[in-house]
Amino acid sequence: MSQLFSPRSIGPLTLKNRIVIAPMCQYSAIDGVPQPWHVQHIGRLAVSGAGLVIIEATGVEAAGRITPDDTGLWNDEQEAAFAEILRGIRTYSHTPIGVQLGHAGRKASTSAPWKGGRALGPDEGAWQTYGPSALPFRDDWHTPAEMTEADMDRVVAAFEDAARRADRAGFDLVELHAAHGYLLTEFLSPLSNHRADQYGGSPEARMRFPLRVAQALREAWPRTKALGVRFNGSDWVEGGVTLDEVIAFGRALHEMGYDYLHLTSGGNVARAEIPGAEPGYQVRFAEAVKQAVPDAAVMAVGMIFDPQQAEDIVASGQADIIAIARAALDDPNWPHHAAVALGQGEGLPPQYERAGKAHWPGYGR
């Protein structure tokens, strides 16, 4: 029996298999509102055969968007659009659908990758960015305003409001985005957090605001639905977060009642160079957290394309769940194809079953 295709519970939610489609920014929203592109994108992943689909990083406030094209969950129009998408999906798929809630911090107010991936100019609708310290991500990016207590209060309230909107819209799960150099990562890392107050300095102080956000989200999101967090295992730069700090953060979130821990890395420092970014290069972080917090459900991600590699990661106990991203963009039926490769049933929708049987002798006669 394949371990990858065995059920796994994450809090109150039971996944039919261990494959998760990770959040992937589409940069295709208008004023934070998902568009027809999102309908087809999310819809096709909902029939991919994955145990869970998580929608892209979604801003909890306008200032927290990475780009002007990001999805958001801070107003009624955005909430209604997501609710409509989910109602449509529920007519043909029972796949759980989650949303990743985040704030871009100092990496906000930029253009989409295919539009240059650079800081917006004043004539392009640039907005004020925020961070733990007034340190730009790059010299040619916006210098963020160092957050005040009032700014922190506003952001905490925005996460709470977005969680309530996500619940009303019908999402099954929320993932807190504390990775890839966005706001919460910036507080966690000594490379981006140079504060001299209670939110900077020691690892405990740098965790204080991210844990405050996490606690507020835990209280705002129903216990009857799953809640997880994605955070960095490394900055890939000397002097960045240490593995001990990563484990401490994961343990604190687990004890707070988070249902899974999703380990990734990088994105916080522009000069970072990832050594040996080969398939599964981030699994080491998931494994370290799993060993330190064995009761936690731990998710691994990072260039995992081969079904057998995914199977081996789960079977060996390095992680409990596998998240795929680019592989699903290249092949939306990756979970179905992984099932075939591992000797499991395909589980294709009945409308598509003939595709899986097309190679059978005599098919179609």
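Reading the values: the criteria
Each residue is numbered by its place in its chain's sequence as written, counting from 1. This being a predicted model, a pLDDT of at least 70 is required before a residue's local features are given, and a value of 80 or more before pairs of side-chain atoms are given or counted; all residues contribute to the totals for chains, interfaces and linings. In computing side-chain values, all of the structure's heavy atoms are included and hydrogens and water are not. As a per-residue quantity, pLDDT reports the predictor's confidence and falls between 0 and 100. Note on contacts: a residue pair is in contact if any heavy atoms of the two residues lie within 4.5 Å. Working definition of a nonpolar core: buried Ala, Val, Leu, Ile, Met, Phe, Trp, Tyr and Cys residues. They are joined through side-chain atoms within 4.5 Å. When a residue's accessible area, from a 1.4 Å probe over protein chains only, is under 20% of the maximum for its type it is buried; when over 50% it is exposed; and in between it is partly exposed. Put simply, DSSP H or I for four residues or longer makes a helix, DSSP E for two residues or longer makes a strand, and each gets a number counted from the N terminus. For two strands to be treated as a pair, DSSP must find at least two bridges joining them. Here an axis means a line fitted to C-alpha atoms, over the contact stretch when the element is a helix, while the angle between two N-to-C directions is reported on a 0 to 180 degree scale. Basic side-chain nitrogens of Lys or Arg form a salt bridge, by our definition, when they fall within 4 Å of a carboxyl oxygen of Asp or Glu. A clockwise course of the path from the first strand over the helix to the second, judged with the strands pointing away from the viewer, identifies a crossover as right-handed. The term polar contact refers here to a pair of N or O atoms within 3.5 Å; inside protein, the definition further demands a hydrogen-donor-capable atom paired with an acceptor-capable atom, and it admits residues adjacent in sequence only when both atoms are side-chain atoms. One less than the residue count of a helix, multiplied by 1.5 Å, gives the span that helix is expected to have.

J.: Would you mind showing me how to read the confidence of the model for the chain here?
T.: Low-confidence regions, as indicated by low pLDDT, have predicted coordinates that should not be scrutinised in detail. When pLDDT is averaged along the chain, the result is 95, and 97% of the positions lie at 70 or above. Every residue in residues 358–365 is under pLDDT 50, and counting partners more than four places away or in other chains gives 3 contacts.

J.: What should I look at first to understand the nonpolar core in this one?
T.: Nonpolar side chains in soluble globular proteins generally cluster together in the buried interior. By size, the foremost hydrophobic cluster in this structure holds 92 residues, and its most contacted members are Leu101, Phe171, Leu176, Phe209, Tyr258, Leu263 and Ile322. Ranked by residues supplied to this core, first place goes to helix α3 (residues 149–169) with 9 residues. Ignoring anything within four residues of it in the chain, the contact list for leucine 101 reads Thr58, Val60, Leu73, Phe159, Ala162, Ala163, Val174, Glu175, Leu176, His177 and Leu217. In terms of nonpolar packing, the next biggest core, distinct from the first, is built from 15 residues, Leu13, Ala226, Tyr260 and Ala323 among them.

J.: What am I meant to see in the sheet that holds strand β9 (residues 226–232) here?
T.: As a general point, the strands of a sheet are linked pairwise by backbone hydrogen bonds and lie either parallel or antiparallel. Here we have 8 strands rolled up into a closed barrel, ordered β3-β4-β5-β8-β9-β10-β11-β12, and parallel in their pairing. Going across the sheet, the axis of each strand differs from the next one's by a mean of 25°, ignoring polarity.

J.: Is there a simple way to explain the pattern of salt bridges in this structure?
T.: Once the charged atoms of two side chains with opposite charge are near each other, the side chains can pair. Enumeration over the complete set of coordinates arrives at 16 salt bridges. Close ionic contact of arginine 165 with aspartate 161 constitutes a salt bridge, the shortest N to O distance being 3.1 Å. Taken together, the residues arginine 165 and aspartate 161, both in helix α3 and 4 residues apart, mark about one turn of the helix. The class of arginine 165 is buried, set by a relative accessible area of 9%. Of the residues examined, aspartate 161 reaches a relative accessible area of 29% and is grouped as partly exposed. Among the salt bridges present, the one from glutamate 245 reaches arginine 206, with a minimum N-O distance of 3.2 Å. Here glutamate 245, found in helix α6 (residues 243–256), pairs with arginine 206, found in helix α5 (residues 203–220); they are 39 residues apart in sequence, far enough to count as distant. Here glutamate 245 and arginine 206 have matching classes, each one buried.

J.: Could you clarify how one ought to interpret the pairing of strand β10 (residues 260–264) in this entry?
T.: Strand residues, when the strand is regular, have side chains that alternate between the two faces of the sheet. Along β10, 5 of the 5 residues are buried, which leaves the element largely enclosed by surrounding structure. Because side chains alternate across β10, one face comprises the buried residues Tyr260, His262 and Thr264, and the other comprises Leu261 and Leu263, equally buried. Strand direction decides the pairing type here: β9 and β10, joined by 5 bridges, are parallel. Residue pairing for β10: arginine 230 is matched across the bridge by histidine 262. This β-α-β element, β9 to α6 to β10, shows right-handed connectivity. Examined bridge by bridge, β10 and strand β11 (residues 298–301) share 3 bridges and lie parallel to one another.

J.: For this particular structure, what's the right way to read the environment of tryptophan 127?
T.: Note that tryptophan 127 resides in the loop between β5 (97–102) and β6 (130–131). In this view, tryptophan 127 contacts Ala62, Ala63, Arg65, Ile66, Thr67, Pro68, Ala108, Ser109 and Leu120; residues no more than four positions away in its chain are not counted. There is a polar contact of 3.2 Å between the side chain of tryptophan 127 and the backbone oxygen of alanine 63.

J.: In this structure, what is going on with the pairing of β11? I would like to understand it.
T.: Side-chain alternation along β11 places Val298 and Ala300 on one buried face and Met299 and Val301 on a second face that is also buried. Each parallel crossover has a hand, and the one from β11 via helix α8 (residues 307–315) to strand β12 (residues 321–324) is right-handed.

J.: Help me out: how do you make sense of unusual backbone geometry in this one?
T.: When glycine is set aside, most residues are seen to have a negative phi, and most peptide bonds are trans. Phi at histidine 180 takes a positive value of approximately 60°, unusual for a residue other than glycine. Residue position: histidine 180 is located in the loop between β8 (173–178) and α4 (183–188).

J.: What should I look at first to understand the environment of glycine 257 in this one?
T.: Within the secondary structure layout, glycine 257 lies in the loop between α6 and β10. A relative accessible area of 18% means that glycine 257 is categorised as buried. Sequence-wise, glycine 257 and arginine 218 are 39 residues apart; in three dimensions their C-alpha atoms are separated by 7.3 Å. Among residues more than four places away in sequence, those in contact with glycine 257 are Arg218 and Arg223.

J.: Looking at this structure, I do not really get helix α2 (residues 76–89). What am I missing?
T.: Helical geometry note: an α-helix holds 3.6 residues per turn, so side chains three or four residues apart project in the same direction. Relative to the 20 Å expected for 14 residues at 1.5 Å per residue, α2 spans 20 Å between its end C-alpha atoms, a close match to the ideal helical length. By the burial criterion, the buried members of α2 are Gln78, Glu79, Ala81, Phe82, Ala83, Ile85, Leu86 and Ile89. Packed against the buried residues of α2 are α1 (36–46), β4 (52–59), β5 and α3. Between a side-chain oxygen at the N-terminus of α2 and the backbone nitrogen of glutamate 77 the separation is 3.2 Å; the capping residue is asparagine 75.

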